Amino acid sequence: MAVILNGKEVAKKTRENLKSKVEELKKKNIFPKLAVIMVGDDGASKIYVRNKSKACEELGIEYEEFLLDENTTQQQLLQLINELNERKDVHGILLQSPVPKHLDINEAFRTISPEKDVDGFNPVNVGKLVLGQDTFISCTPFGVMKLLEEYNIETEGKNAVVIGRSNIVGKPMLQCLLNKHATVTICHSKTENLKEITKKADILVAAIGKAKFVTKDMVKPGAVVIDVGINRNEQGKVCGDVDFNEVEGVASYITPVPGGVGPMTVAMLMENIVKAAK
Ligand code: NAD
């Protein structure tokens, strides 16, 4: 049976470490602050934003929320971002996705000052990640790397396979693993012979968004399996992209959903805010 990678525990430990860093900053009259922008009324986004605000509260990080109407124009959104870029008391700016279809989210991400881009979505920070330079790393892949590190899981020289090529998870995940000297393959919806590729993975990361997509026959015995997915099963319960009950029997390590990558994502956002404030 695989060892469970307990993201909830590691995230808690990470937040505790950060708490003292926040206190140190406050002694120097720096009061870390996150500004969150949400446009429209997406149900899942509300839950994510609530989790982030709760984490800020726990750590003593100040938090300001901007709830914009669904009909907000691109110009209004950019104007708000520019105002927040200028504000000295705001250290981190986060634009919650998705935004309504009429808005250009890429332009919005580009407008967030790279120094306040705690989600790591500004092309400047993405470029720095590619070049292996110090930067804000997208919180989910950053959290996966932290989890691997905490469990002393070696990445150097290992075959890592990432399923999913989104800008927020798959692509930065590939880059993080590459920066830690893994041999990385990225797969997506057009990949042929997916199973043959995933079977060779020492580290398999699933970021697809389809419940029970990764089955036992796709996993090399002894592999480390990281499940990024957040889906609902037929009973409406939260589940990942990996068929946990099956894969647990072949993997050496596995992340549960919930309680794996999800809490790490929020913890790494806190890490990025503290870094921004510093
Ligand atoms: P996305 O929809 O942007 O990307 C999904 C990727 O899966 C695409 O690149 C696509 O090519 C690939 N894919 C789809 N079908 C496939 C197939 N049949 N074979 C191989 N690849 C296939 O999604 P995303 O934003 O990257 O999110 C992925 C999942 O991770 C979702 O369930 C999302 O909710 C979850 N997520 C979790 C966290 C967290 O904190 N745990 C953070 C972000 C996203």
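Notes on the structure follow. Here the structure is a predicted model, which is why all the values come from computation and not from measurement.

In this structure the tally under the stated criterion is 0 disulfides. Cysteine cysteine 187 remains unbridged, with the sulfur of cysteine 176 as its closest cysteine sulfur at 17 Å. On the accessibility criterion, cysteine 187 (0% relative accessible area) is buried.

A surface patch of nonpolar side chains, about 270 Å² in accessible area, is lined by Ile47, Tyr48 and Ile230. Its location among the elements puts isoleucine 230 in the loop between β8 (224-227) and β9 (231-232). Here isoleucine 230 falls in the partly exposed class, since its relative accessible area comes to 49%.

Let's shift gears to the environment of valine 39. Inspection of the secondary structure puts valine 39 in strand β2 (residues 33-39). For the pair formed by valine 39 and leucine 95, sequence separation is 56 residues and the distance between their alpha carbons is 8.4 Å. Setting aside residues up to four positions removed in sequence, valine 39 forms contacts with Leu68, Asp69, Thr72, Leu77, Leu95, Pro98, Val99, Pro100 and Leu103.

This part is about the sheet that holds strand β7 (residues 203-206). Taken in spatial order, the 6 strands of this open sheet run β1-β11-β8-β7-β5-β6, and their pairing is parallel. The open sheet has two edge strands with one neighbour each: β1 (3-4) and β6 (183-187). In terms of strand pairing, β7 meets β8 through 4 bridges, oriented parallel. Opposite alanine 206, over in β8, you have aspartate 227 as the bridge partner. Across the face of the sheet, helix α7 (residues 170-179) comes into contact with β5 (159-163), β6 and β7 while running at roughly 170° to β6.

Another aspect to go through is the side chain of asparagine 231. Tracing the backbone shows asparagine 231 in strand β9. Side-chain polar atoms of asparagine 231 contact the backbone nitrogen of lysine 210, separated by 3.5 Å.

Around the ligand, 21 residues are found, and the nearest of them are Arg165, Ser166, Ser189, Ile230 and Thr265. Contact between the ligand and arginine 165: an oxygen atom at 2.7 Å from a main-chain N or O atom of the residue. Contact distances for the ligand include 3.3 Å between a nitrogen atom and a backbone N or O atom of valine 228. About the coverage of the ligand: the protein hides 73% of its 860 Å² of free accessible area. When residues in the shell around the ligand are grouped by element, the largest group, 3 residues, is from helix α10 (residues 261-277). Taken together, the residues of the shell around the ligand sort by class into 9 nonpolar, 10 polar and 2 charged.

The subject of this paragraph is the sheet that holds strand β4 (residues 92-95). If you walk across this open sheet you meet the 3 strands as β3-β2-β4, and the pairing is parallel. In this open sheet, the two edge strands, each paired with only one partner strand, are β3 (62-68) and β4. Between one strand and the next, the sheet's axes are offset by a mean angle of 15°, whatever the strand orientation. Its contacts with the sheet place helix α3 (residues 74-86) against β2, β3 and β4, and it is angled at close to 180° to β2.

Below, the discussion takes up α10. With 17 residues, α10 ought to run about 24 Å at 1.5 Å a step, and its terminal C-alpha atoms sit 25 Å apart, in line with that. The element α10 is largely enclosed, with a buried count of 13 among its 17 residues.

Thresholds applied
Residues numbered from 1 in each chain as written. Predicted model: local features only at pLDDT ≥ 70, side-chain atom pairs only at ≥ 80, totals over all residues. Heavy atoms only, no water. Disulfide = S-S within 2.5 Å. Buried < 20%, exposed > 50% of the residue type's maximum accessible area, 1.4 Å probe, protein only. Patch = residues over 30% accessible without salt bridge, like charges linked within 9 Å, V, L, I, M, F, W, Y side chains within 5 Å. Areas by Shrake-Rupley, 256 points an atom, 1.4 Å probe, with all protein chains shown as cover. Salt bridge = Lys/Arg side-chain N within 4 Å of Asp/Glu carboxyl O. Helix = DSSP H or I, 4+ residues; strand = E, 2+ residues; numbered from the N terminus. Contact = heavy atoms within 4.5 Å. Pairing = 2+ DSSP bridges. Axes fitted to C-alpha atoms, helices over the stretch in contact; angles between N-to-C directions. Polar contact = N/O pair within 3.5 Å; in protein donor to acceptor, adjacent residues only side chain to side chain. Near = heavy atom within 4 Å. Nonpolar A, V, L, I, M, F, W, Y, C, P; charged D, E, K, R; others polar. Expected span 1.5 Å × (residues − 1).

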